[in-house]
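The chain contents come next:
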Amino acid sequence: MSIADSPASTAKQPNVVSPTHLNLRKAAGLIRNGGVVVAPSDTNLALTLDPWNRAAVERAFAIKRRPPTSPLTLFVRTPQEWRDYTVVPDSLVVPVERLTEAFWPGPFNIILPRNTRVPDHLVCGGPTVAIGCLSNPTMQSLLEHTGGPVAMTSANLSGQADGVLVDLDLAVAQIGDSVDMVIRGGSQGTTASSTIVTLVDDRFRIQRAGDITADQVRAALGDRAELLAD
């Protein structure tokens, strides 16, 4: 019996639910009202919240016990939505489209110059925003109910899940009593972290390699743009 299961425990019991239509509607309502829920991505289970709600973002950092110095990632529902939150030079629009069309929805994030729709508190005041678009059907359904993007970050205590994907057991053990709801739902076959590509001085660089390899990124770009070596 774990501490959480003990009758003598006064700890809050994690609210773990299945991804039913009703539960996803409830989760979306929590998010819209400033709550923080754990939801599945294509890789980790992740803290999921309203990106425009400063208090929710600050709460996510507090749950992870992490200083608010690392930007959160913005997750959109459709691959075309990256345009709504970025300012990309005309010459690079086509390369960005080639990357998003090749790898979205899926475990691929891209970091681009942000526009004024992205709040400072989401990106710690920085000039860029990381954007993803997930294939996980539970997350896609949740985004239908939220009616807009969400911010996400892995559902674990800072520095205590290095090198592993955060699954349900790990998320519940580390932060389950600090969130408003935990939604069951596995990844979509990903075996590593999402691949992150960033735009630096009008050229692309792989910031983190995952299941999507540098060769795949290079093939998607073709001769449209340069992929810098690590």
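The structure this text deals with has already been given above.
Just so you know, these numbers come straight off a predicted model, no measurement behind them.

Time to look at unusual backbone geometry. Excluding glycine, residues mostly carry a negative phi; peptide bonds, for their part, are mostly trans. In this chain, Trp104 is followed by Pro105 through a cis amide linkage whose omega measures -10°. Along the polypeptide, Pro105 turns up in the loop between helix 3 (90-103) and strand 5 (106-113). A positive phi is found at Arg65, a non-glycine position, where the angle reads about 60°. Among the structural elements, Arg65 can be located in the loop between helix 2 (54-64) and strand 4 (73-76). According to the relative accessible area criterion, Arg65 is exposed, its value standing at 64%. Of note, Asp202 is a non-glycine position whose phi angle comes to about 65°, a positive value.

Attention now goes to the sheet that holds strand 5. Adjacent strands of a sheet form backbone hydrogen bonds with each other and so pair up, either parallel or antiparallel. In spatial order, the strands read 1-8-2-3-7-4-6-5-9-10-11; together these 11 strands make up an open sheet with mixed pairing. Bordering the open sheet on either side are strand 1 (16-17) and strand 11 (227-228), each of which pairs with just one other strand. With five bridges connecting them, strand 9 (residues 195-200) and strand 10 (residues 203-208) associate as antiparallel partners. Along strand 10, the bridge assignment pairs Ile196 with Arg208.

Moving on: the nonpolar core. Residues Val38, Leu47, Leu49, Leu99, Phe108, Phe204 and Val217 are the most contacted members of the largest nonpolar core, which totals 50 residues. Counting 17 residues, the second largest nonpolar core, distinct from the first, contains Val17, Val37, Ala39 and Leu143.

Once that is clear, we can look at the packing of helix 3 against helix 6 (residues 214-221). Where helix 3 contacts helix 6, the axes come no closer than 8 Å and their chain directions differ by 125°. The orientation of helix 3 relative to helix 6 falls into the category oblique. Considering only the axes of helix 3 and helix 6, their crossing is right-handed. Across the interface between the two elements, Pro95, Arg98, Leu99, Ala102 and Phe103 of helix 3 pack against Gln216, Val217, Ala219, Ala220 and Leu221 of helix 6.

A separate point is helix 5 (residues 168-175). By the burial criterion, the buried members of helix 5 are Ala171, Gln174 and Ile175. Take helix 5 and look down its axis: the buried residues cluster within an arc of 80°, on one side only. Helix 5 presents Asp169 and Ala173 as exposed residues on the side facing more than 90 degrees away from its buried surface. Lining the buried residues of helix 5 we find strand 2 (37-40), strand 3 (45-49) and helix 2.

Conventions used here
Residues numbered from 1 in each chain as written. Predicted model: local features only at pLDDT ≥ 70, side-chain atom pairs only at ≥ 80, totals over all residues. Heavy atoms only, no water. Helix = DSSP H or I, 4+ residues; strand = E, 2+ residues; numbered from the N terminus. Buried < 20%, exposed > 50% of the residue type's maximum accessible area, 1.4 Å probe, protein only. Pairing = 2+ DSSP bridges. Core = buried A, V, L, I, M, F, W, Y, C linked by side-chain atoms within 4.5 Å. Axes fitted to C-alpha atoms, helices over the stretch in contact; angles between N-to-C directions. Parallel < 35°, antiparallel > 145°, perpendicular 65-115°, else oblique. Left-handed = near helix turned anticlockwise from the far one by under 90°. Contact = heavy atoms within 4.5 Å. Arc of directions from axis to C-beta.

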